[in-house]
Amino acid sequence: MLGISELRLTNLLFDMDEEGIATVTLNRPAKRNALDAQTIEELIGVFTALPSSGARAVVLRAEGPHFCAGLDLVEHGRAERSPAEFMRICLRWHEAFNKIEYAGLPVIAALKGAVVGGGLELASSVHIRVMDETTYFGLPEGQRGLFTGGGATIRVPALIGKARMVDMMLTGRLYSGDEAVSVGLAQYRVADSEAKAYELARIAAQNTPLSNFAVCSAISHMQNMSGLDAAYAEAMVAGIVNTQDAAKGRLDSFARGTADKIKPAG
C-alpha cells in the first residue's frame, strides 16, 4: 500500500497540519469538480492511505464555486463504455466512497454550490456535511436518462428517506437552505462552510482515535446488520472502546467534574 507522500495526485490536493487535520481538495474547478475515473482512483488511494498517515480528522473541500457536479459526462460520452465496463466503473465509485465511510476517521465535507448526482453520492459518504448559503442538492439522473451508480440508493435514503430520493430523481427537485438541513442532507448551514468544517474537525480530533474509529465505522456496519447481530456487535465494540485506558481517564475526570458541580453549597 502506498503512503500519502508516494501518491501521484493530479485531480486532488492533499495537506495535513501539525494537529493531524488532513485536507483533501477536489481540484477540477473548470469541470465543477466532476468525477472522472482518475479522480475516483485518487480518492481510493488517498482514503486507503489516510488511516495510517497520522491523520486524526479529515476535511473534504473543493476548489472553485462548486463542491461537485457529479459524473464527468464528457468523459462518459467519449468513452462509449459497454454495460460491463460501466458496471466496473461504478464498483470503483463504491470502493472510493466505502473507503471514506468505513475507514474510521472523521470526514467532514465543506459544501458549496452544486452537490448533485455523484457529488451527492460523495457527500453522503462522509460523516458530517456542512453547507453554505450557495449550496444546493440534486439527483438529476432520471431526467438525463441515467441512474445512480455510486451508492445513492444506499446512502441518500438513509439521510432523507426513499420517497424524497425518488421525487428528486423523477422531477429534478433541488434542496437548498433550511429545507436541505431539515430533510437531513446537511447537519449545518453556515456562512462559511470551510471554517465550520475545520472547527468540527478539530473538535473531533480531540477524541481518542479508538472512539473515533468506532463512531466512524462501527455505526455504519451495524446499520447493515440484523437487529440481533447489531446488538451483539455494539456490545463487543463497547467492551473494547470503553475499557481503553484513555477512556477510563476521561471518565474519571468527567465524574470528578460532575461531582464538583453537584456538591451542596457551604
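Residues numbered from 1 in each chain as written. Predicted model: local features only at pLDDT ≥ 70, side-chain atom pairs only at ≥ 80, totals over all residues. Heavy atoms only, no water.

Novice: I would appreciate a short explanation of the environment of Gly-117 in the present structure.
Specialist: Along the polypeptide, Gly-117 turns up in the loop between β5 (114-116) and α4 (118-123). Distance from Gly-117 to Pro-140, taken between C-alpha atoms, is 6.2 Å for residues 23 residues apart in sequence. Setting aside chain neighbours within four positions, we find Gly-117 in contact with Gly-70, Gly-138, Leu-139, Pro-140 and Glu-141. (Helix = DSSP H or I, 4+ residues; strand = E, 2+ residues; numbered from the N terminus. Contact = heavy atoms within 4.5 Å.)

Novice: When you look at the side chain of Asp-36 in this model, what are you seeing that I'm missing?
Specialist: Assignment of secondary structure puts Asp-36 in the loop between β2 (21-26) and α1 (37-49). Asp-36 sits in the buried class, given a relative accessible area of 10%. The residues touching Asp-36, leaving out its near neighbours within four places in the chain, are Asn-11, Arg-28, Asp-72 and Glu-75. (Buried < 20%, exposed > 50% of the residue type's maximum accessible area, 1.4 Å probe, protein only.)

Novice: Looking at this structure, I do not really get the sheet that holds strand β7 (residues 136-138). What am I missing?
Specialist: One key point about sheets: their strands pair by backbone hydrogen bonds, in either a parallel or an antiparallel sense. One open sheet holds the 3 strands; their spatial order is β5-β7-β8, and the pairing between them is mixed. The sheet is open, and its two edges are formed by β5 and β8 (175-176), each paired on a single side. In this sheet, β7 lies alongside β5 in parallel orientation, the contact comprising 3 bridges. Within β7, the position partnered with Ala-114 by the bridge is Tyr-136. (Pairing = 2+ DSSP bridges.)

Novice: Even after reading the chapter, I still don't get the environment of Val-107, so can you show me in this structure?
Specialist: Summarising the element assignment, Val-107 is placed in strand β4 (residues 107-111). When the C-alpha positions of Val-107 and Ala-201 are compared, they lie 7.7 Å apart, and in sequence the two are 94 residues distant.

Novice: How should the layout of surface pockets be read in this particular structure?
Specialist: Which parts of space are left empty comes out when a probe the size of a water molecule is rolled across the atoms. Reported here for the largest pocket is a volume of approximately 480 Å³. Lining the largest pocket are 19 residues, and of these Glu-101, Ser-124, Arg-155, Ala-158 and Ser-220 sit closest to its centre. Contributions of two or more residues to the lining of the largest pocket are made by α3 (83-102), α5 (152-160) and α9 (209-223). As a volume, the second largest pocket reaches approximately 240 Å³. (1 Å grid on protein atoms, 1.4 Å probe; cavity = no way out; pocket = protein on both sides within 12 Å on 5 of 7 lines; lining within 4 Å. Points joined across faces, edges and corners; volume = space filled by probe spheres on them.)

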